[in-house]
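Structure assessment
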Amino acid sequence: MTTVAGLENAVAAQTRLSHVDGQAGELIIAGYPLEELAPNATYEQALCLLWQGQLPSRAELEAFQRALRRERALPAVTGYILQQAAQAKLPPMDALRMAVSTLPVTDPNAQDNSLEANRLRALQLAAKAPMIVGNYWRMLQGKEPLDSKPELSQAGQFLYLIHGKQPDPAFEKALNAYWVTVIDHGLNASTFAARVITSTLSDMYSAITGAIGALKGPLHGGAPGPALDMVFEIGTLENAEPYLRKKLEAGERLMGFGHRVYKVRDPRADVLAQAAQRLFDRAGDRSLYQLALGVEQMALRLLEEYKPGRSLQTNVEFFTALVLHGIGLESPLFSAVFAIGRMGGWTAHVLEQLANNRLIRPQSQYVGPLGRRWQS
Ligand code: ACO
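So, here's what we can say about the structure. (Residues numbered from 1 in each chain as written. Predicted model: local features only at pLDDT ≥ 70, side-chain atom pairs only at ≥ 80, totals over all residues. Heavy atoms only, no water.)

Attention now goes to the overall build of the protein. Scanning the protein for helices and strands turns up 16 helices and 3 strands. Expected size for 376 residues packed as a compact globule is a radius of gyration near 21 Å; at 21 Å, the protein falls within 12% of this value. The principal-axis extent of the C-alpha atoms belonging to the protein is close to 70 × 60 × 45 Å. Expressed as a percentage of the 376 residues in the protein, the buried residues total 51%. Of the roughly 18,100 Å² that the protein leaves accessible, carbon and sulfur atoms contribute 51%. With 37 positive and 36 negative side-chain charges, the protein shows a separation of 5 Å between the mean positions of the two kinds. (Helix = DSSP H or I, 4+ residues; strand = E, 2+ residues; numbered from the N terminus. Rg over C-alpha atoms; globule rule 2.2 N^0.38 Å. Buried < 20%, exposed > 50% of the residue type's maximum accessible area, 1.4 Å probe, protein only. Areas by Shrake-Rupley, 256 points an atom, 1.4 Å probe, with all protein chains shown as cover. Lys, Arg positive; Asp, Glu negative; His and termini not counted. Charge placed at Lys NZ, Arg CZ, Asp CG, Glu CD.)

Spelled out as structure tokens, the structure:
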């Protein structure tokens, strides 16, 4: 038996959903290169691609969008829990995790774990996630929650809740590009958590609740907020080197850099850097974008100096922060906005695991004491 710390390089599932090539820096989503899908597909099209294996025709997409929009309303108990969470000022990821756990209350077939019942649940979870996070953000600001506007897309609906007005089409396009970019990414930690829970034949709500908990951590989906805070704290290009050196000398990690699988630049970083550039060009103020590029270059140089040979490159979170800031979102929201996008991947993995299930149950290597005897 060999123990592999962090299961590095272990292959624990077969999937048709996405392929991550860490050496080539490639991400394939159900056959499509990310660079082609992200700027062109809507999040709804990407959901169809993952759940049904192919992009929908125009008629199929329209029917799918209608079905999704019908499922947006939240149960009353979910609203109540969100109000309580807002009073306690819990982070949006905690609120999302708690809200997902309440959804079986209005699921008349909550004990039915068939693929068919779970396909409907996947649709409901994806439909409700932007409503949960968007309305929770409103509650945190002391505002009233808003209802679904059925004519709006998922991205449009979310922006409507956050900004309280008709969504800006450029913001909607950028949010679509972001959600498609992060919709799935091989057997990342949160997806693995979802598959492990599903493999016990537990239910989809439990699997998604566990996945949200895994995504919350700063080594996974919690990095973009701190990455943006770091750029703001640096403030000027001249300050980048002393600031980053101080962090690295203190043994701290630079958020938005390094990846377990990618040893070259994360392809999602390029896709999002382009989306960020479009947003900041349009706003006519490129100063934050230029500062971020300068911080990135300095960080890469210093990471090579302090951690030679570790191949630490920019990951998805660094430019996520810029895109989400560019569409007017605040950093405490970033991980939950990531979770909304990843809901597509998590639910697709749950369905894939259920369709061909085997209990995921690795072993541990015992390194504790032996030969102890009970003394009475
Ligand atoms: N800044 C500074 N040093 C780093 C960083 C970083 N961001 N990432 C890794 N290192 C160093 C480690 O300290 C270690 O140094 P050592 O060899 O001297 O001990 C070496 O590089 C290898 O690091 P590991 O911890 O073995 O790398 P691992 O594969 O476990 O970590 C991870 C990957 C967790 C993403 C890491 O790079 C990290 O903490 N990055 C910052 C957080 C972040 O951006 N997370 C988002 C990832 S993307 C996503 O999940 C969606």
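Let's pick the thread back up.
Here the focus is the sheet that holds strand β2 (residues 26-29). Within a sheet, each strand pairs with its neighbour through backbone hydrogen bonds, oriented either parallel or antiparallel. Taken in spatial order, the 3 strands of this open sheet run β1-β2-β3, and their pairing is antiparallel. The open sheet has two edge strands with one neighbour each: β1 (18-21) and β3 (32-33). (Pairing = 2+ DSSP bridges.)

A few words on unusual backbone geometry. The phi torsion at L7 lies on the positive side, around 55°, for a residue other than glycine. Tracing the backbone shows L7 in the segment before β1. The exposure class assigned to L7 is partly exposed, which follows from its relative accessible area of 43%. Of note in the backbone geometry, A30 takes a positive phi value of approximately 45° without being a glycine.

It is worth spelling out the site of the ligand at this point. Residues in contact with the ligand amount to 22 residues; listed here are only the nearest, R253, L254, F257, R260 and R310. Here an oxygen atom of the ligand sits 2.9 Å away from a polar atom, N or O, in the main chain of G256. A distance of 2.7 Å separates an oxygen atom of the ligand from a polar atom in the side chain of R310. Partitioned by chemical class, the residues of the shell around the ligand number 11 nonpolar, 5 polar and 6 charged. (Near = heavy atom within 4 Å. Polar contact = N/O pair within 3.5 Å; in protein donor to acceptor, adjacent residues only side chain to side chain. Nonpolar A, V, L, I, M, F, W, Y, C, P; charged D, E, K, R; others polar.)

With that settled, consider the pattern of salt bridges. Opposite charge on two side chains permits pairing when their charged atoms draw close. In the structure shown here, the tally under the stated rule is 15 salt bridges. For E241, the salt bridge goes to R301, with nearest N and O atoms at 3.5 Å. Residue E241 is located in helix α12 (residues 237-249), and its partner R301 is located in helix α14 (residues 287-306); the two are separated by 60 residues in the primary sequence. A residue is classified by how much of its surface remains accessible, and R301, at 43% relative accessible area, is partly exposed. Between D266 and R268 there is a salt bridge, with its nearest N and O atoms 2.8 Å apart. Judged by its relative accessible area of 3%, R268 is buried. One network of salt bridges, in which partners are shared, links E241, R245, R301 and E305. (Salt bridge = Lys/Arg side-chain N within 4 Å of Asp/Glu carboxyl O.)

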